[in-house]
Amino acid sequence: MGVEAHATNERATGRTWTVRLDPVGRGRADVRVSCSRPACAAQVLPSAAVGRTAAVEHLKAHLRAGPAPRPSAYCACRAEECHTHIRPAGPRERPAPWRCGGAVVLAVVTDREGRWWRVMECCSRCAAAHPTAKIAATATAPDRTAPADDFRAAAASVPTVSAVGPHFSHTAAGASGAAAPHEVPAPRSERPPRPPRPTRQRARRGRIAQRFVPHELRPVALRDELTELGELFRAYQQRAEPDLAMLAELHVRKAKAFRAWAEVTADTGLRLDAERAEQAAATARLQHLHRSGQAPEGDGPAVTRLLTASAQWNHARAVLTHVAEHSPLPGPEARLLVVMLTLRTAQSGVGNLVGQDLKGLPLPDPEHLVGQLVECGWLDIAGTVDELIASRPENPTRIGVPSLTPDESDPGPFTFGRKMRPKLSGWAQRVVGEKKLRKAKTAADARLLALALATGVSLDGQLGPEGEGLPLEALASWCAVAPAELLELVDRLTATDWLTEVAVTDTVLTGRLTERVLPLSCPLA
């Protein structure tokens with residue numbers, strides 16, 4: 001009997017389950033959507049955006065089909081000892097236990113990056129402690145109807161007749177021979193209107209960086225600044241065109257406000273967010289200087305570069321490094337042709353080519369080189385080599401590089417997208433076909449050296465990081481020439497006004513790119 005009573009009074013623990021969005025593999029675009037409920041099978045989707053939409057719809061389907069929260073359920077947060085939202089104790093304070101209370105709800109909690117969604121059957125007080133929680137359903141209040149005997153007892157305790165007799169508002173004075181104890185109230189239509197009750201305006205609740213600004217945050221100026229910053233960031237995301245100067249200023253204000261917020265609440269996470277905001281402000285400011293053609297420190301000559309951002313510079317170096325490591329044929333002519341074809345097919349493994357693209361390169365026999373690339377299996381072309389050489393812009397030839405074609409198991413060696421590929425290809429064509437290099441009829445090895453020097457300079461054009469120079473052995477290997485031949489190539493570039501202040505040691509080449517070719521450079525910054 002005692003066992004049965006104990007089982008009857010035991011409360012069921014609140015339900016909880018999680019829907020996750022995880023990458024399938026490193027460097028791959030497809031994602032896996034999984035649910036912790038045993039009846040749900042994982043599914044693989046082609047992109048993070050499609051996977052996030054599927055995960056949200058899966059979660060909504062569970063919420064629509066599942067039962068409502070149970071009024072008597074034991075709070076899931078409390079069952080887990082509140083590890084998800086209790087702030088850790090500081091050096092001079094003790095951790096206080098969380099007090100559950102309020103109606104039982106189904107709360108949906110997610111992370112900032114949108115990688116998982118967790119549903120918990122918990123109390124409303126625990127749900128309010130999660131900054132990202134949203135209430136999906138609330139349990140109905142239990143029926144507290146009093147028994148009939150209680151109602152009878154209450155009715156018996158109420159007197160049925162007043163001590164001074166019944167009073168009716170329509171009884172005239174003296175009708176019963178006695179004056180009415182109270183004045184008869186005026187009709188409702190003749191009464192003066194009541195003054196309106198003052199409405200309580202709820203304080204505006206701000207949100208910034210997936211954090212809610214508390215109503216009780218003090219000082220009030222800090223709370224208002226955080227609220228305004230959140231609105232400004234959301235308004236910036238709706239802009240048609242980016243304004244990096246404005247974005248940098250917003251990040252500076254955010255860093256200052258988050259530092260003040262961290263001082264008030266002693267929250268280490270806020271202090272880390274402030275540091276990240278400072279880094280974001282510096283990055284946005286540097287990108288603005290590059291895009292507007294200004295010097296990084298504001299005191300040097302303006303340089304308007306063909307590739308404007310550090311990500312583009314890194315992608316250009318990645319292509320050159322890949323070609324140096326995977327060139328299928330020896331010699332500078334083959335190396336230069338492989339560079340240009342790689343940039344034409346880098347993103348999807350296929351592209352278009354016309355005869356003028358090959359004739360514009362300093363290649364003594366382009367037909368022979370293309371034929372060798374086709375024979376070794378590195379290049380595929382639609383048609384014959386002669387048809388490729390004779391093709392015109394209105395009827396280009398389709399080409400493909402199998403080693404660059406992505407598939408389910410290999411996304412390819414490059415991470416840039418479709419819009420980045422033509423920018424990199426155009427930059428390489430500008431460097432290789434630079435006016436003075438063409439007039440001097442420089443060979444493929446000298447133009448390969450020009451590409452290497454353009455991607456190995458500092459912001460002010462000095463060769464190597466911090467102007468330390470570039471190793472001669474690495475340059476000779478990239479140009480596919482012997483180290484003894486490299487000095488002649490340096491002299492050619494100096495004669496065509498590419499290099500100045502040149503100094504060559506046994507191991508290092510130092511110097512500076514001329515102002516004329518600085519717009520073609522990709523700094524190491």
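Residues numbered from 1 in each chain as written. Predicted model: local features only at pLDDT ≥ 70, side-chain atom pairs only at ≥ 80, totals over all residues. Heavy atoms only, no water.

## What to know about the overall build of the protein
The helix and strand inventory of the protein stands at 18 helices and 14 strands. Per-residue burial for the protein yields a buried fraction of 35% across its 525 residues. Long-range pairs, those at least 24 residues apart, make up 59% of the contacts in the protein with a sequence separation of at least 6. Here the protein has roughly 31700 Å² of accessible surface; of this, 53% comes from carbon and sulfur atoms. (Helix = DSSP H or I, 4+ residues; strand = E, 2+ residues; numbered from the N terminus. Buried < 20%, exposed > 50% of the residue type's maximum accessible area, 1.4 Å probe, protein only. Contact = heavy atoms within 4.5 Å. Areas by Shrake-Rupley, 256 points an atom, 1.4 Å probe, with all protein chains shown as cover.)

## Observations concerning the nonpolar core
Core analysis: the largest hydrophobic core is formed by 72 residues, its most contacted members being Leu-337, Leu-379, Trp-427, Leu-449, Leu-453 and Trp-498. Among the elements that line this core, the one with the most residues is helix α16 (residues 444–454), at nine residues. (Core = buried A, V, L, I, M, F, W, Y, C linked by side-chain atoms within 4.5 Å.)

## Brief notes about a negative patch on the surface
Where like charges cluster on the molecular surface, the negative patch consists of Asp-365, Glu-367, Asp-386 and Glu-387. You can see Glu-387 is positioned in helix α13 (residues 385–390). Taking relative accessible area as the criterion, Glu-387 reaches 47% and is therefore assigned partly exposed. (Patch = residues over 30% accessible without salt bridge, like charges linked within 9 Å, V, L, I, M, F, W, Y side chains within 5 Å. Salt bridge = Lys/Arg side-chain N within 4 Å of Asp/Glu carboxyl O. Lys, Arg positive; Asp, Glu negative; His and termini not counted. Charge placed at Lys NZ, Arg CZ, Asp CG, Glu CD.)

## Brief notes about the sheet that holds strand β1 (residues 16–23)
The strands that make up a sheet pair up through hydrogen bonds in the backbone, lying either parallel or antiparallel. Judged by pairing direction, the sheet is antiparallel, and its six strands sit side by side in the order β3-β2-β1-β5-β4-β6 without closing on themselves. The open sheet is flanked by β3 (43–45) and β6 (134–138), the only strands paired with a single partner. The sheet shows a mean angle of 20° between the axes of neighbouring strands, direction not considered. Pairing analysis gives four bridges linking strand β4 (residues 104–110) to β6, with the strands arranged antiparallel. When the sheet's bridge partners are listed, Val-105 is paired in β6 with Thr-138. (Pairing = 2+ DSSP bridges. Axes fitted to C-alpha atoms, helices over the stretch in contact; angles between N-to-C directions.)

## Regarding the sheet that holds strand β12 (residues 470–471)
Reading across the sheet, the three strands line up as β12-β14-β13 and stay open at both edges, with antiparallel pairing between neighbours. Looking along the sheet, the strands with just one partner apiece sit at the ends: β12 and β13 (499–504). Across four bridges, the pairing between β13 and strand β14 (residues 508–513) is antiparallel. Within β14, the position partnered with Ala-503 by the bridge is Thr-510.

## Details of unusual backbone geometry
Residue Arg-218 is joined to Pro-219 through a cis peptide bond whose omega torsion reads 5°. Position of Pro-219 among the secondary structure elements: in the loop between β8 (211–212) and α6 (220–237). With a phi close to 55°, Lys-441 is a non-glycine residue in the positive phi region. In this fold, Lys-441 is placed in the loop between α15 (435–439) and α16.

## As for empty space enclosed by the protein
Within the structure shown, the criterion is met by one cavity of 30 Å³ or more. Approximately 50 Å³ is the volume found for the largest cavity. Along the walls of the largest cavity sit Arg-15, Trp-17, Arg-37, His-62, Leu-63, Gly-66, Pro-67 and Leu-106, which together make up its complete lining. When grouped by side-chain class, the residues that make up the lining of the largest cavity number four nonpolar, two polar and two charged. (1 Å grid on protein atoms, 1.4 Å probe; cavity = no way out; pocket = protein on both sides within 12 Å on 5 of 7 lines; lining within 4 Å. Points joined across faces, edges and corners; volume = space filled by probe spheres on them. Nonpolar A, V, L, I, M, F, W, Y, C, P; charged D, E, K, R; others polar.)

## Quick look at the layout of surface pockets
Estimates place the volume of the second largest pocket at around 420 Å³. In terms of lining residues, the second largest pocket is bounded by 15 residues, among which Ile-208, Ala-209, Gln-210, Gln-237 and Lys-254 are the most central. Mapped by element, the contributors of at least two residues to the lining of the second largest pocket are β7 (207–208), α6, α7 (244–265) and α8 (268–291). With four residues, α6 is the single largest residue contributor to the lining of the second largest pocket. Within the lining of the second largest pocket, the residues separate by chemical class into four nonpolar, four polar and seven charged.

## A few points about α7
Across its 22 residues, α7 extends 31 Å between first and last C-alpha, which sits within 8% of the 32 Å expected from 1.5 Å per residue. Along α7, the residues that are buried comprise Leu-244, Leu-247, Ala-248, Leu-250, His-251, Lys-254, Ala-255, Ala-257, Phe-258, Trp-261 and Ala-262. Just beyond α7, the residue with positive phi is Ala-266, at close to 55°. (Expected span 1.5 Å × (residues − 1).)

## Some details on the pattern of salt bridges
This structure, assessed with the given rule, holds 19 salt bridges. The salt bridge partner of Asp-224 is Arg-223, with a shortest N-O separation of 3.8 Å. Among the residues examined, Asp-224 registers a relative accessible area of 34% and is labelled partly exposed. Judged by relative accessible area, Arg-223 falls into the buried class, the value being 15%.

## A closer look at the packing of aromatic side chains
Evaluation of the coordinates by the stated rule reveals two aromatic pairs. Here the aromatic rings of Phe-258 and Trp-261 are separated by 5.6 Å at their centres, their planes lie at 75°, and the arrangement is edge-to-face. Placement of both Phe-258 and Trp-261 in helix α7 is noted, with a separation of three residues, approximately one turn of the helix. Of the residues examined, Trp-261 reaches a relative accessible area of 5% and is grouped as buried. (Phe/Tyr/Trp six-rings, centres within 6.5 Å; stacked < 30°, edge-to-face > 60°.)

## Some words on the state of the cysteines
Applying the stated criterion across every chain yields a total of zero disulfides. Left unpaired, Cys-122 is separated from the closest cysteine sulfur, that of Cys-75, by 5.0 Å. (Disulfide = S-S within 2.5 Å.)

## So, the pairing of β14
As paired elements, β12 and β14 share two bridges and run antiparallel to each other. Its bridge partner lying in β14, Leu-470 is registered against Leu-509. In textbook terms, the turn of a hairpin is the stretch between consecutive antiparallel strands, and for β13 and β14 this stretch comprises three residues.

## Points about the side chain of Arg-317
Structurally, Arg-317 can be placed in helix α9 (residues 310–326). The side chain of Arg-317 sits in the buried core without any salt bridge; Asp-460 is the nearest counter-charge, 12 Å away. Separated by 3.1 Å, the side chain of Arg-317 and the backbone oxygen of Pro-523 make a polar contact. Setting aside residues up to four positions removed in sequence, Arg-317 forms contacts with Thr-455, Cys-522, Pro-523 and Leu-524. (Polar contact = N/O pair within 3.5 Å; in protein donor to acceptor, adjacent residues only side chain to side chain.)

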